[in-house]
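Coordinate analysis (summary)
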Amino acid sequence: MGLFTDLRDSISRAVDRMFSDAEPKRIGIYGPPNAGKTTLANRIARDWTGDAVGPESHIPHETRRARRKENVEIERNGKTVRIDIVDTPGVTTKVDYKEFLDHDMEKEDAVRRSREATEGVAEAMHWLREDVDGVIYVLDSTEDPFTQVNTMLIGIIESQDLPVLIFANKTDLDDSNVQRVANAFPQHETVPLSALEGNNMDEVYGKIAEYFG
Amino acid sequence: MPEVTPGDGGDGRGGTGNGVQIDLISGARMEGLTGMEKIRLILDGVREGNIVVLEEGLSPDEESKLIEVTMTEISPDEFNGIEIETYPQSGSSNQGFIGRLIGKESAKKLTVIGPANQIETLHKDENLISALVSRK
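Residues numbered from 1 in each chain as written. Chains lettered and ligands numbered in written order. Predicted model: local features only at pLDDT ≥ 70, side-chain atom pairs only at ≥ 80, totals over all residues.

1. What about the overall build of chain A?
Along chain A, the regular secondary structure elements total seven helices and six strands. When each of the 213 residues of chain A is scored for burial, the buried share is 40%. Partitioning the intrachain contacts of chain A with sequence separation of at least 6 by distance along the chain shows that 71% fall at a separation of at least 24. (Helix = DSSP H or I, 4+ residues; strand = E, 2+ residues; numbered from the N terminus. Buried ≥ 20, exposed ≤ 12 C-beta atoms within 10 Å, placed from the backbone. Contact = placed C-beta atoms within 7 Å.)

Written as structure tokens, this is what we have:
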């Protein structure tokens, strides 16, 4: 009897898995250093799971390892979207440890940070080619979006046919220029927000559900 | 006429004594190379202090790998990475999936790559890249 019950439960679980929702999609949060990627990842994770993803900082390359927050369930319009958020290190083509010395860092710490940063960027590129199902591209809307790194990364994302949303972050700052971001990448939808202040998050979650659900 | 050879500067770096070596690499030269061979060709030149100009640029996948390999080679006080510039691709999206499918998206865009500490972009638009190159 016990064996029969176990077998029945086992089959039931297997059937449940077969017909359950698909695996959550892995959504990579990409962008240049200091765009606010981790602030956004933390905002999303806190809003829907109560936990943070990682520490935020104004010093570039604070995030030096891709960090994943699994099974973030976002509810929109009566529908639940399940995603894994992957917060990635800011992508760049150069890292000079001397830049960190300006942030009151000893040389040894700056060199270590730069080494970790380079490893993190390489890792982020690898994730982009192999392991994400969609991309949120975060830009600091106070900065010029027409940079080579942005152009290249959007080109790489497009070449992989990944769904992408552009987030024009830091709209709480006076210099914010969302239209400039939208003009830079007219082929993609641009969503303004302040991840720090939590401004316009309703639209952010609506678009995430629409694009990645 | 005196013959100028790479490394005439005698300091182990590319270029002549007072100048900076510029390698203009044709599309035909790159065509027969694998992705990794292209990246090696570029990075070997850049690490010697040369400015590399590609007639036809790299594909997005090759650009991705170039960033990744560059990161693995950065070394404090030796190599800080690269500066890379291409014309912004205003029409890239218009080609879309079909364009990529039939291979039209090949990145036929002039591309300039140099050591991060020697090249600085002064201006860039869809028709012009203006860069300042210094000899460090």
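Still to come is the rest of the account.
2. Regarding the nonpolar core
Grouped together as the largest cluster of nonpolar side chains are 64 residues, with contacts concentrated most on I85, Y137, I166 and F167 of chain A. Excluding residues that lie within four positions of it along the chain, I166 of chain A makes contacts with Y137, L139, V181, F185, H188, E189 and T190 of chain A. (Core = buried A, V, L, I, M, F, W, Y, C linked by C-beta atoms within 7 Å.)

3. Topic: the interface of chain B and chain A
At the junction of the two partners, chain B supplies 25 residues and chain A supplies 25 residues. Mapped onto the side of chain B that touches chain A, the elements with two or more residues apiece are helix 3 (60-73), strand 3 (82-86) and helix 4 (92-101) of chain B. The leading source of residues in the side of chain B that touches chain A is helix 3 of chain B, at nine residues. Counted by class, the side of chain B that touches chain A contains 10 nonpolar, nine polar and six charged residues. (Nonpolar A, V, L, I, M, F, W, Y, C, P; charged D, E, K, R; others polar.)

4. Points about the packing of helix 5 (residues 148-159) of chain A against helix 3 of chain B
Interaxial distance between helix 5 of chain A and helix 3 of chain B falls to 8 Å at its minimum, and their mutual angle equals 125°. Viewed along their axes, helix 5 of chain A and helix 3 of chain B adopt a mutual orientation that is oblique. In this structure, helix 5 of chain A meets helix 3 of chain B at a crossing whose hand is left-handed. From helix 5 of chain A, M152, G155, I156 and S159 of chain A reach across to helix 3 of chain B, where they touch P60, D61, E63 and S64 of chain B. Considering only residue class, the contact of helix 5 of chain A with helix 3 of chain B consists of three nonpolar, three polar and two charged. (Axes fitted to C-alpha atoms, helices over the stretch in contact; angles between N-to-C directions. Parallel < 35°, antiparallel > 145°, perpendicular 65-115°, else oblique. Left-handed = near helix turned anticlockwise from the far one by under 90°.)

5. Quick word on the sheet that holds strand 3 of chain B
Residue and element names in this part refer to chain B. Ordered by their spatial adjacency, four strands build an open sheet running 1-2-4-3, and the pairing between neighbours is mixed. In the strand order of this sheet, the two ends are held by strand 1 (22-25) and strand 3, each with one partner. Across this sheet, the average inter-strand angle for adjacent strands is 15°, counted without regard to direction. By the bridge criterion, five bridges tie strand 3 to strand 4 (residues 111-115) in an arrangement that is antiparallel. (Pairing = 2+ DSSP bridges.)

6. Observations regarding the packing of helix 4 (residues 107-130) of chain A against helix 3 of chain B
Packing of helix 4 of chain A against helix 3 of chain B leaves a shortest axis separation of 8 Å and a crossing angle of 155°. Between helix 4 of chain A and helix 3 of chain B, the angle is such that the two are roughly antiparallel. Handedness of the helix 4 of chain A/helix 3 of chain B crossing: left-handed. Mapping the contact onto sequence places T118, V121, A122, M125, H126, L128 and R129 of chain A in helix 4 of chain A and S64, I67, E68, M71 and T72 of chain B in helix 3 of chain B. Per-class residue counts for the contact of helix 4 of chain A with helix 3 of chain B are six nonpolar, four polar and two charged.

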